[in-house]
Amino acid sequence: AQSVTQLDSQVPVFEEAPVELRCNYSSSVSVYLFWYVQYPNQGLQLLLKYLSGSTLVESINGFEAEFNKSQTSFHLRKPSVHISDTAEYFCAVSYTGTASKLTFGTGTRLQVTL
Amino acid sequence: EAGVTQFPSHSVIEKGQTVTLRCDPISGHDNLYWYRRVMGKEIKFLLHFVKESKQDESGMPNNRFLAERTGGTYSTLKVQPAELEDSGVYFCASSQVWVAKDEQYFGPGTRLTVT
């Protein structure tokens, strides 16, 4: 069965520190990769996605993720986090052979403190 | 443009009762998805509508769950009778195109608690 693994359920970090949220997926076929973010009391929002081309993708608020096919990973990074980045982050994958449904990881709760 | 809306935002029911969740997708989006997150676990796919047709319902847990999308607009998800393990957050999402790389827009979710 296809799966997405987010090993860290919670990541506490101080403001202005760097952070990496890890995501690994299982696949032997082509994939599309997504990071969604859920701020408190809100729905999921797309943060960034990898479809093809450059393996490094960026969001408008300073996050980036790198697709690594050999390691089947799509880790999310930010060099300097802000209090407003406190949220739950979900890695998701869609497989070209299974139409458009998303397979999600269990989520990583990022807690940024002063 | 209005986003995906879901109603109610919270529902608390007793075991054995019936609950109906509603999702209004973004206008013009033919594709509508239902997902569920049981506390502490991953968000799991339930089913996918293309217009009013069920394209994929492989994630529906059992026959106590009934999803409809009459007229290809809003969708309802009925749970009858509800069991304790049905508790969780039910998300609805919609997308314009039926391809794996198209962005899905999510609603805020309905938190269902079965006591």
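In this report, the structure presented in the accompanying data block is examined. Since the structure is predicted, the reported quantities are computational estimates derived from the model, not experimental observations.

So, on to the overall build of chain A. The secondary structure content of chain A amounts to 0 helices and 12 strands. Listed N to C, the secondary structure of chain A is β-β-β-β-β-β-β-β-β-β-β-β in terms of helices and strands. Whereas a compact globule of 114 residues would reach a radius of gyration of roughly 13 Å, chain A reaches 14 Å, a difference of no more than 12%. For chain A, the spread of C-alpha atoms along the principal axes amounts to about 45 × 30 × 25 Å. Within chain A, contacts between residues at least 6 apart in sequence are counted, and of these 57% link residues at least 24 apart. Accessible area of chain A: about 5,500 Å², with a carbon and sulfur share of 50%. Computing the positive centroid from 7 side-chain charges and the negative centroid from 9, chain A places the two 11 Å apart.

So, about the overall build of chain B. The number of helices and strands found in chain B is 0 helices and 11 strands. Listed N to C, the secondary structure of chain B is β-β-β-β-β-β-β-β-β-β-β in terms of helices and strands. Compactness check: chain B gives a C-alpha radius of gyration of 13 Å against a globular reference of 13 Å for 115 residues, within 12% of the reference. Dimensions of chain B, computed from the C-alpha atoms along their principal axes, are close to 40 × 25 × 25 Å. Split into buried and exposed, the 115 residues of chain B put 46% on the buried side. Surface accessibility of chain B: about 5,800 Å² in total, with carbon and sulfur atoms responsible for 48%. Counting 13 positive and 14 negative side-chain charges, chain B places the averaged centre of each group 4 Å from the other.

Between chain A and chain B, the residue contacts involve 22 residues of the former and 20 residues of the latter. Scanning the region where chain A abuts chain B turns up 2 salt bridges. A salt bridge links B:Asp56 to A:Lys101; its shortest N-O distance comes to 3.9 Å. Joining chain A to chain B, the criterion identifies 5 residue pairs in polar contact (both at pLDDT 80 or more).

All names here are of chain A. Of the two faces of strand 2 (residues 10-14), the one holding Val11 and Val13 is buried and the one holding Gln10, Pro12 and Phe14 is not buried anywhere. In terms of strand pairing, strand 2 meets strand 12 (residues 108-113) through 5 bridges, oriented parallel. In the sheet register, Gln10 faces strand 12, and the bridge partner there is Arg109.

Our next topic: the pairing of strand 5 (residues 43-50) of chain B. All names here are of chain B. Counting buried residues along strand 5, 6 of its 8 residues qualify, which places the element largely inside the surrounding structure. The antiparallel hairpin formed by strand 4 (residues 31-37) and strand 5 contains 5 residues in its connecting segment, where Gly40 sits at a positive phi of about 80°. Bridge count for strand 5 against strand 6 (residues 53-56) is 3 bridges, and the pairing is antiparallel. Paired with His48 across the bridge in strand 6 is Asp56. Counting the residues that bridge the hairpin from strand 5 to strand 6 gives 2 residues, and of these Lys51 lies at a positive phi of roughly 55°.

Attention now goes to the pattern of salt bridges. All names here are of chain B. Considering all chains together, one arrives at 13 salt bridges over all chains under this definition. Across the salt bridge formed by Lys44 and Glu42, the nearest N and O atoms sit 4.0 Å from each other. Its relative accessible area of 24% is what places Glu42 among the partly exposed residues.

Turning next to the environment of B:Ala2. With respect to the helices and strands, the residue B:Ala2 is situated in the segment before strand 1 (5-7). When the C-alpha positions of B:Ala2 and B:Lys101 are compared, they lie 22 Å apart, and in sequence the two are 99 residues distant.

Attention now moves to the environment of B:Leu84. Residues and elements named next belong to chain B. For Leu84, the position within the fold is in the loop between strand 8 (75-79) and strand 9 (88-95). The class of Leu84 is partly exposed, set by a relative accessible area of 47%. Remark: the alpha-carbon pair of Leu84 and Thr18, spanning 66 residues in sequence, is separated by 12 Å. The residues touching Leu84, leaving out its near neighbours within four places in the chain, are Val114 and Thr115.

Rules of the game
Residues numbered from 1 in each chain as written. Chains lettered and ligands numbered in written order. Predicted model: local features only at pLDDT ≥ 70, side-chain atom pairs only at ≥ 80, totals over all residues. Heavy atoms only, no water. Helix = DSSP H or I, 4+ residues; strand = E, 2+ residues; numbered from the N terminus. Rg over C-alpha atoms; globule rule 2.2 N^0.38 Å. Contact = heavy atoms within 4.5 Å. Areas by Shrake-Rupley, 256 points an atom, 1.4 Å probe, with all protein chains shown as cover. Lys, Arg positive; Asp, Glu negative; His and termini not counted. Charge placed at Lys NZ, Arg CZ, Asp CG, Glu CD. Buried < 20%, exposed > 50% of the residue type's maximum accessible area, 1.4 Å probe, protein only. Salt bridge = Lys/Arg side-chain N within 4 Å of Asp/Glu carboxyl O. Polar contact = N/O pair within 3.5 Å; in protein donor to acceptor, adjacent residues only side chain to side chain. Pairing = 2+ DSSP bridges.

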